[in-house]
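Listed below are the residues making up each chain.
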Amino acid sequence: NTINTVQKMSRVCELTGKKAMVGNNVSHAMNRTKRTFDANLMTKRFYIPEEDKWITLKVSASALKNINKKGISAVIKEARANGFLTK
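Quick summary incoming for the structure in this document. (Residues numbered from 1 in each chain as written. Predicted model: local features only at pLDDT ≥ 70, side-chain atom pairs only at ≥ 80, totals over all residues. Heavy atoms only, no water.)

Moving on to the packing of helix α1 (residues 61–70) against helix α2 (residues 72–82). Packing of α1 against α2 brings their axes to within 7 Å, and their N-to-C directions diverge by 125°. In terms of orientation, α1 and α2 fall into the oblique class. The residues of α2 that touch α1, namely those facing N66, I67 and K70, are I72, A74, V75 and E78. Along the lines of polarity and charge, the residues of the contact of α1 with α2 split into 4 nonpolar, 1 polar and 2 charged. (Axes fitted to C-alpha atoms, helices over the stretch in contact; angles between N-to-C directions. Helix = DSSP H or I, 4+ residues; strand = E, 2+ residues; numbered from the N terminus. Parallel < 35°, antiparallel > 145°, perpendicular 65-115°, else oblique. Contact = heavy atoms within 4.5 Å. Nonpolar A, V, L, I, M, F, W, Y, C, P; charged D, E, K, R; others polar.)

Here we come to the packing of aromatic side chains. For the structure shown, the criterion picks out 1 aromatic pair. When the ring of Y47 is compared with that of W54, the centres are 5.4 Å apart and the planes differ by 55°; the resulting orientation is tilted. The aromatic ring of F37 is capped on one face by R35, whose charged end is 3.8 Å from the ring centroid. Seen from the ring of W54, R45 lies directly overhead, with NZ or CZ sitting 4.6 Å from the centre. (Phe/Tyr/Trp six-rings, centres within 6.5 Å; stacked < 30°, edge-to-face > 60°. Lys NZ or Arg CZ within 6 Å of the ring centre and 35° of its normal.)

Taken together, the buried positions of α2 are occupied by I72, V75, I76 and A79. Taken around the axis of α2, the buried residues stretch over an arc of 100°, which confines them to a single face. Every exposed residue of α2 that faces more than 90 degrees away from the buried side is listed here: K77 and A81. Those residues of α2 that are buried lie in contact with β3 (41–48), β4 (53–60) and α1. At the C-terminal side of α2, G83 shows a positive phi close to 85°. (Buried < 20%, exposed > 50% of the residue type's maximum accessible area, 1.4 Å probe, protein only. Arc of directions from axis to C-beta.)

Okay, the side chain of K58 next. Here K58 lies in strand β4. For the buried residue K58, which engages in no salt bridge, the nearest side chain bearing the opposite charge is E14, 7.0 Å off. For K58, the side chain forms a polar contact with the main-chain oxygen of S10, separated by 3.4 Å. (Lys, Arg positive; Asp, Glu negative; His and termini not counted. Salt bridge = Lys/Arg side-chain N within 4 Å of Asp/Glu carboxyl O. Polar contact = N/O pair within 3.5 Å; in protein donor to acceptor, adjacent residues only side chain to side chain.)

Relative to the elements of secondary structure, A63 occurs in helix α1. A relative accessible area of 0% places A63 in the buried class. C-alpha of A63 to C-alpha of L41: the two residues are 22 residues apart in sequence and 9.3 Å apart in space. Contact partners of A63, with chain neighbours within four places excluded, come to C13, L15 and T16.

Honestly, it's all geometry; don't read function into it.
As structure tokens, this is what we get:
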């Protein structure tokens, strides 16, 4: 009997490190059951002009807003400095 383990990609933003939080579902009767609040992640391709190449990243909605504000190069530089992006 071998158990097949399926490895799933982690739901973590590659630029900000955001990941799922744990909280409670609260019913009308105030019963509490555990649940997860997942990060709002999407897979996007970005063009890096300095390196003249495209990269695919799994980023959160807030990271996309940062990219729109600061530019992809600055955000990637910050992510590497903070230890989030290893690509």
